Structure formats: C-alpha cells, structure tokens
Amino acid sequence: MFMLAMRSIGQRPGRFLATLLAAFLGAGIIMTFNSLYDTAGRPGVDPVSSDTLTTSASVVGGYGTLLVFFAVASTLTVNVRQRAGELELLRCSGATPGQIRRMVVGEAVAVALIGAVLAIGPAMLGGQALLDAFQDSGQVAGSVDHSFGPVALLSGVDITLVAAAGAAFLAVRRATRARRRRGRARTFLAYAALGIGAASATSTFAFSATDEALMATPAYGAILLSVGFALLAPRLLKGVLDRMPLTGSSGWLAVRNLRRRADHLSGILMSLILFTAVSVATLYMQGVESDAMRTSGAVRTVDAKNLQTLNLTVVGIIVVFVCVMLVNSLYAATTYRRREFGQQRLAGATPGQVLGTVGVEGLVLTAVGLCFGTVAALAGIIPFTVVRSDTVLPHQGLGIWLAVASIAAAATIGTGLVTARRVLRTPAVEAVGVAA
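Residues numbered from 1 in each chain as written. Predicted model: local features only at pLDDT ≥ 70, side-chain atom pairs only at ≥ 80, totals over all residues. Heavy atoms only, no water.

**Some words on the overall build of the protein chain**
Consideration 1: Looking only at helices and strands, one finds 17 helices and 0 strands in the protein chain.
Consideration 2: Residues classed as buried in the protein chain amount to 49% of the 436 residues present.
Consideration 3: For the protein chain, the proportion of contacts with a sequence separation of at least 24, taken over those separated by at least 6, is 85%.
Consideration 4: When the accessible surface of the protein chain is split by element, carbon and sulfur atoms take 66% of a total near 19,800 Å². (Helix = DSSP H or I, 4+ residues; strand = E, 2+ residues; numbered from the N terminus. Buried < 20%, exposed > 50% of the residue type's maximum accessible area, 1.4 Å probe, protein only. Contact = heavy atoms within 4.5 Å. Areas by Shrake-Rupley, 256 points an atom, 1.4 Å probe, with all protein chains shown as cover.)

**A word on the packing of aromatic side chains**
Consideration 1: Applying the stated criterion to the full structure yields 1 aromatic pair.
Consideration 2: A centroid spacing of 5.4 Å and a plane angle of 55 degrees characterise the contact between Phe 229 and Phe 372, whose relative ring orientation is tilted. Remark: Phe 372 occurs in helix H15 (residues 351-389) and Phe 229 occurs in helix H9 (residues 216-231); sequence separation between them is 143 residues. The same class applies to Phe 229 and to Phe 372, which are both buried. (Phe/Tyr/Trp six-rings, centres within 6.5 Å; stacked < 30°, edge-to-face > 60°.)

**Digging into the packing of helix H2 (residues 17-40) against helix H13 (residues 302-335)**
If you want to describe how two helices pack, look at the angle between their axes and the distance between the axes.
Consideration 1: In the contact formed by H2 and H13, the axes pass within 10 Å of each other and the chain directions differ by 170 degrees. If you check the angle between H2 and H13, you find them roughly antiparallel. Counting all contacts with H2, which are made through Ala 18, Leu 21, Ala 22, Leu 25, Gly 26, Ile 29 and Phe 33, the residues of H13 involved are Thr 313, Ile 317, Phe 321, Val 324 and Asn 328.
Consideration 2: The residue makeup of the contact of H2 with H13, split by class, is 9 nonpolar, 3 polar and no charged. (Axes fitted to C-alpha atoms, helices over the stretch in contact; angles between N-to-C directions. Parallel < 35°, antiparallel > 145°, perpendicular 65-115°, else oblique. Nonpolar A, V, L, I, M, F, W, Y, C, P; charged D, E, K, R; others polar.)

**A few points about empty space enclosed by the protein**
Consideration 1: A complete count under the given rule lists 2 cavities of 30 Å³ or more for this structure.
Consideration 2: Lining the largest cavity are 13 residues, with Leu 330, Thr 334, Arg 337, Glu 361 and Leu 365 positioned closest to its centre.
Consideration 3: Elements that contribute at least two residues to the lining of the largest cavity include exactly H13, H15 and helix H16 (399-423).
Consideration 4: Tallying contributions element by element places H15 first for the lining of the largest cavity, with 4 residues. (1 Å grid on protein atoms, 1.4 Å probe; cavity = no way out; pocket = protein on both sides within 12 Å on 5 of 7 lines; lining within 4 Å. Points joined across faces, edges and corners; volume = space filled by probe spheres on them.)

**Some remarks on the packing of helix H12 (residues 266-296) against H13**
Consideration 1: Where H12 contacts H13, the axes come no closer than 10 Å and their chain directions differ by 160 degrees. When the interaxial angle is binned, H12 and H13 end up roughly antiparallel. Every pair of crossing elements has a handedness; the one defined by H12 and H13 is left-handed. Where H12 approaches H13, its residues Ile 268, Ser 271, Leu 272, Phe 275, Val 278, Ser 279, Thr 282, Leu 283, Gln 286 and Ser 290 are matched on the opposing element by Leu 307, Gln 308, Asn 311, Leu 312, Val 315, Ile 318, Val 319, Val 322, Met 325, Leu 326, Ser 329 and Leu 330. (Left-handed = near helix turned anticlockwise from the far one by under 90°.)

**Concerning H2**
Consideration 1: An ideal rise of 1.5 Å per residue puts 34 Å on 24 residues; H2 measures up with 35 Å between its terminal C-alpha atoms.
Consideration 2: For H2, the buried fraction is high: 18 of the 24 residues fall into the buried class. (Expected span 1.5 Å × (residues − 1).)

**Notes on H16**
Consideration 1: The end-to-end C-alpha distance of H16, which contains 25 residues, comes to 35 Å, matching closely the 36 Å that a straight helix rising 1.5 Å per residue would cover.
Consideration 2: Residues Val 404, Ala 405, Ala 408, Ala 411, Thr 412, Thr 415, Gly 416, Thr 419, Ala 420 and Val 423 constitute the buried set of H16.

**Here's the deal with the environment of Arg 339**
Consideration 1: Tracing the backbone shows Arg 339 in helix H14 (residues 338-346).
Consideration 2: Separated by 84 residues in the primary sequence, Arg 339 and Val 423 place their C-alpha atoms 9.6 Å from one another.

**Considering unusual backbone geometry**
Consideration 1: The phi dihedral of Asp 390 falls on the positive side, at around 60 degrees, and the residue is not glycine.
Consideration 2: Turning to its location among the elements, Asp 390 is positioned in the loop between H15 and H16.

**Brief notes about the pattern of salt bridges**
In a structure, side chains of opposite charge can pair up when their charged atoms sit close to one another.
Consideration 1: Under the criterion given, the structure shown has 4 salt bridges.
Consideration 2: For Arg 294, the salt bridge goes to Asp 291, with nearest N and O atoms at 2.3 Å. In this pair, Arg 294 and Asp 291 both sit in helix H12, 3 residues apart, roughly one turn of the helix.
Consideration 3: Take Arg 294: its relative accessible area is 58%, and that puts it in the exposed class.
Consideration 4: Among the ionic pairs, Arg 337 bridges to Glu 340, the shortest N-O distance being 2.8 Å. Each of the two residues, Arg 337 as well as Glu 340, counts as buried. (Salt bridge = Lys/Arg side-chain N within 4 Å of Asp/Glu carboxyl O.)

**A look at a nonpolar patch on the surface**
Consideration 1: A cluster of nonpolar side chains, Phe 69, Phe 169 and Leu 170, forms an exposed patch at the surface whose accessible area comes to about 230 Å².
Consideration 2: Topologically, Phe 69 is positioned in helix H3 (residues 47-82). (Patch = residues over 30% accessible without salt bridge, like charges linked within 9 Å, V, L, I, M, F, W, Y side chains within 5 Å.)

That is the geometry; function is a separate question.
Below is the structure:
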C-alpha cells in the first residue's frame, strides 16, 4: 500500500498541492513559535524574557496545532470525496477497507513530510523576525539570540505528520462509515460545545474588571460556541436554505445546489464560522481592554503587552490559515464541478448564468458563516465589555466586523468566481466528456 500511495502521488501530484500547502504553512507556524522555547532555554536568558518567549510559544503553538489539523483535514476531506470513484474501484478490485485507509494515510503522511521539510528554512527566518519584534517592543532583552533547535524541529515535523495521519484516517473513515452513527456523535459534540461555551461566556460576570483572567473566559466561550455551530454546519445551512426566498434562475439553482451539496460544503462553512468568531471576538475584546487601560491611565505591563501581541498574532495566523483553507477547498470543489457546469450549459444555461449561480452560492455561504460566527463572538464580547467597561457594546463600531466580513467575502466569493470562470473556458461538450 505504501508503494501504491507513492505511485499515486507521482502520477497525479496536482491533487495533493492543497494538502502540501496546508502542511507547509502549519509546520512553518509551529516551528516558528516553538523555536521560542529553544531561545528561552539558552544560557543567560533573563527570567522576564524567558517567560515572555515561553508564554508566546505555548499559546500560539496550541492554536497552531489545532489549525494545522483543521487545515489538513479540510483539504483531505475534499480530496477523499472527489476520489470516491477511484477508491470504490480499488475496493471492487480486491482491496480491503484497511488497505485503502493505509494507502490514503500513507499519501497524506508523505505529502505532510515534504511540506514540513520545506518549511524549515522559512520557520528559521520567521522565528528570528518574531524575536526581533519582541525586542523592539521591549518585551525581550536585546541581548537574547535566536535559537532554532530540537524543540522547534521535532514538534513541527511530529505534529504535522500526526495531524495529517489523523485527518486522513478520519476522512476516509467518514467516507465508508455509516452516516447515522456519524451524525449522532457529531450532534452530541456540537451540543456539548455549545453548552460549555455558553456557560463559560456567562461565568465572565463572576470576575471583576481588574482580574487578569477576565479575557480568557469569554474568549474560550466564543471559541467553543463557534465550534458547536461549526459542527452543526450542514444542519444550519439546510435550515437557512429552507427559509430563503431567492428568485430568478441563478438564485433558484444556487439554493438547489447548496441543498444537495450541504454536507460537502460543511468544511467551508466551518472555516467561515470559526474565522468570524475568533477574529471578531479577539479584536473587539482587545480594543475594549486597550481603551480601559488608556482611560485608567495605568502603565502597560509586560504581561499586558504580551497579551496584546498574542491576540493580534493569533488573529493573524487564523486569517492566513482560514484563507488558505477556503481557497484550497473552494478551488478543489469548484474545479470538481466541471462536468456539472458542462451539463448546465448543454441544457441551455449561459456562462453568465453559471457564474451568477456560483456567486449566489458564495454569497449565501458567506452570509451564513458570518451570521453564526458573529453570534458566537457576541456571546463573548458582551459579557467582557459589561464587566470591563460598564457598557453593553464596544465603542469600536462596525469597522472591525466589516474588515472581517470583507476578508471572508473576498476569499469565498472571489475564489469561487475566479475558479468557475477558469473551468468555463473548457467547451461544454469537452467538459462533460472529460469528466465522465
């Protein structure tokens, strides 16, 4: 099976580019921040600098690990679904489910290893740049030298490989397992995340305005709520579509396509919900915290500077990862619809109508993702703002939310339209014939 996996990669490397990119970025981020552990462990590093470096590596490294898994899982899920016919042919040719799983996992591990190795050089440069930023802000002493050692290297490679193997195993298992059992487990986890998230956000009112852990509780609540909504993504999308009064050929066809492909689009919707919730919640709560510090006239401590740096860094990482996940997933999913687009054109649809349908689909996905992501974010923002500033909503206005919405819309709608336009360059008859 390993030789079959390597031969599959060699024959059609293009299908693995999305996974390679996700592994490259994930391993790069993990190694960049975990190199701070190596730097903190160097002889002569003072306790304040060591604490700053260790805290940054711990927080962002944890987020990075989760994002690597989600990014690789998203691309591999699309890959496995598009290869359903190929995998079924292998099964009919005598391959057992276990052999097929080992082949898919072997492909994922091989691609992830290549991505992790390619990320070593950029991670070294990124770690040095990150240390320079900490030194420029006074959070780390200028005498500290950057170190890229075994912690960064081993953690980056090991976490990426484990994430790729686990994501590939789950993707191929979902493709062959009973759907009913999957749905029950997913629903249980979703409601558990929603319940714990709501409780965590509500417990913010038990803190005082000066507690150091004040921001952590509503932030975790918003994240857990967004995870719960993300796990319910197919059900939420279908519920919205059942109540959506779209008219016109493009609108009607878009709703029909979205209903039919709701399960396949769940990964894209999950990315949008998580991106919106974490970005909006973190940026608004950091804005409220900064305003409160300025109003009180307090001098910003090293811990406060660390918190601000970590918040902005985490949001930046999430933006990059979600954009990569969305672009990869949408590109693969739209390219796979070549035959569908060809059939629509042969049935009388113009290229403009096909593009209109794709645009409406992207608009609906973006709107649903922004809606539930914003609800999860507000569940954390409102309690934090009430406790920290005695107001219900932040004073930052809609600027942050509009920026997040613009990025989400550009990544979702833009990628879908650009990819669909490229697919439509193929003549309809040829597209149907090639895809068949």
